[in-house]
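Remarks on the overall topology
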Amino acid sequence: MKEENSLVLCGANAYEEKFYLNEQFQKLPQVVKDELQIMCVLYTQDVGGIFLLEFDGRGNLHFRTEAAEDDFSYDEIGSVLKIKELQRTKEGLLRSLEMYYQLVFGAEAGKAAGERA
């Protein structure tokens, strides 16, 4: 289920064989963008479906997966295992992305709140 105030960082779609990086994150270092693309694409190659990394309203990074109702090749068990593996092996990257979000978007959110006051 998608949270109302969530912001998608990136994702991959096995059905369309595409990777997406939100334009708001274009200032990330190229090495980080490359690592995100590899991570997302490999996930969809291994498991299938659609894989998204998104920030909630507090800046916490979450994994979200979807599959077409008639996609019998989607590996639900593999999805859970793969996400746990990514959370373990990419912990440093994920924490750094959360800090980046807090610094860049937290400041913007604070400015917008200040302007309304």
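Note that the structure is predicted; figures quoted are calculated from it, not measured. (Residues numbered from 1 in each chain as written. Predicted model: local features only at pLDDT ≥ 70, side-chain atom pairs only at ≥ 80, totals over all residues. Heavy atoms only, no water.)

1. Notes on the overall build of the protein chain
Along its length, the protein chain carries three helices and four strands. Beginning at the N terminus, the succession of helices and strands in the protein chain can be written as β-β-α-β-β-α-α. Looking at the protein chain residue by residue over its 117 residues, the buried ones come to 40%. In the protein chain, the share of contacts with a sequence separation of at least 24, taken over all contacts with a separation of at least 6, comes to 60%. (Helix = DSSP H or I, 4+ residues; strand = E, 2+ residues; numbered from the N terminus. Buried < 20%, exposed > 50% of the residue type's maximum accessible area, 1.4 Å probe, protein only. Contact = heavy atoms within 4.5 Å.)

2. With respect to the packing of helix α1 (residues 30-47) against helix α2 (residues 76-89)
In the contact formed by α1 and α2, the axes pass within 10 Å of each other and the chain directions differ by 155°. Between α1 and α2, the angle falls in the class roughly antiparallel. Two packed elements cross with a definite hand, and for α1 against α2 that hand is right-handed. Counting all contacts with α1, which are made through Met39, Tyr43, Asp46 and Val47, the residues of α2 involved are Gly78, Ser79, Lys82, Ile83 and Leu86. Here the contact of α1 with α2 is composed, by residue class, of five nonpolar, two polar and two charged. (Axes fitted to C-alpha atoms, helices over the stretch in contact; angles between N-to-C directions. Parallel < 35°, antiparallel > 145°, perpendicular 65-115°, else oblique. Left-handed = near helix turned anticlockwise from the far one by under 90°. Nonpolar A, V, L, I, M, F, W, Y, C, P; charged D, E, K, R; others polar.)

3. Describing the nonpolar core
Formed by 27 residues in total, the largest nonpolar core has its most connected members in Leu9, Phe25, Leu28, Leu36, Phe51, Leu53 and Leu97. Sorting the residues of this core by element identifies β1 (7-13), α1, β3 (50-55), β4 (61-66), α2 and α3 (91-116) as the ones contributing at least two each. Apart from the residues within four sequence positions on either side, Leu9 is in contact with Tyr20, Leu21, Asn22, Phe25, Leu28, Leu36, Leu53, Glu54, Phe55, Leu61 and Leu97. (Core = buried A, V, L, I, M, F, W, Y, C linked by side-chain atoms within 4.5 Å.)

4. A few points about the sheet that holds β3
Ordered in space as β2-β1-β3-β4, the four strands form an open sheet in which the pairing is antiparallel. Taken across any chain shown, the strands that pair with only one partner, and hence form the sheet edges, are β2 (18-21) and β4. The mean inter-strand angle of the sheet, taken between neighbouring strand axes irrespective of direction, is 15°. Two elements, β1 and β2, share four bridges in a ladder whose sense is antiparallel. Bridge pairing in β2 places Gly11 opposite Tyr20. The strands that α1 touches are β1, β2, β3 and β4; relative to β1, the one it contacts most, it runs at about 50°. Packing of α2 onto the sheet brings it into contact with β3 and β4, and relative to β4 it is tilted by some 160°. (Pairing = 2+ DSSP bridges.)

5. What about the side chain of Lys82?
You can see Lys82 is positioned in helix α2. Setting aside residues up to four positions removed in sequence, Lys82 forms contacts with Tyr43, Asp46 and Val47.

6. Some thoughts on the environment of Leu86
Residue position: Leu86 is located in helix α2. Residue Leu86 is classed as buried on the basis of its relative accessible area, which comes to 6%. Sequence separation between Leu86 and Phe63 is 23 residues, and the spatial gap between their C-alpha atoms is 9.7 Å.

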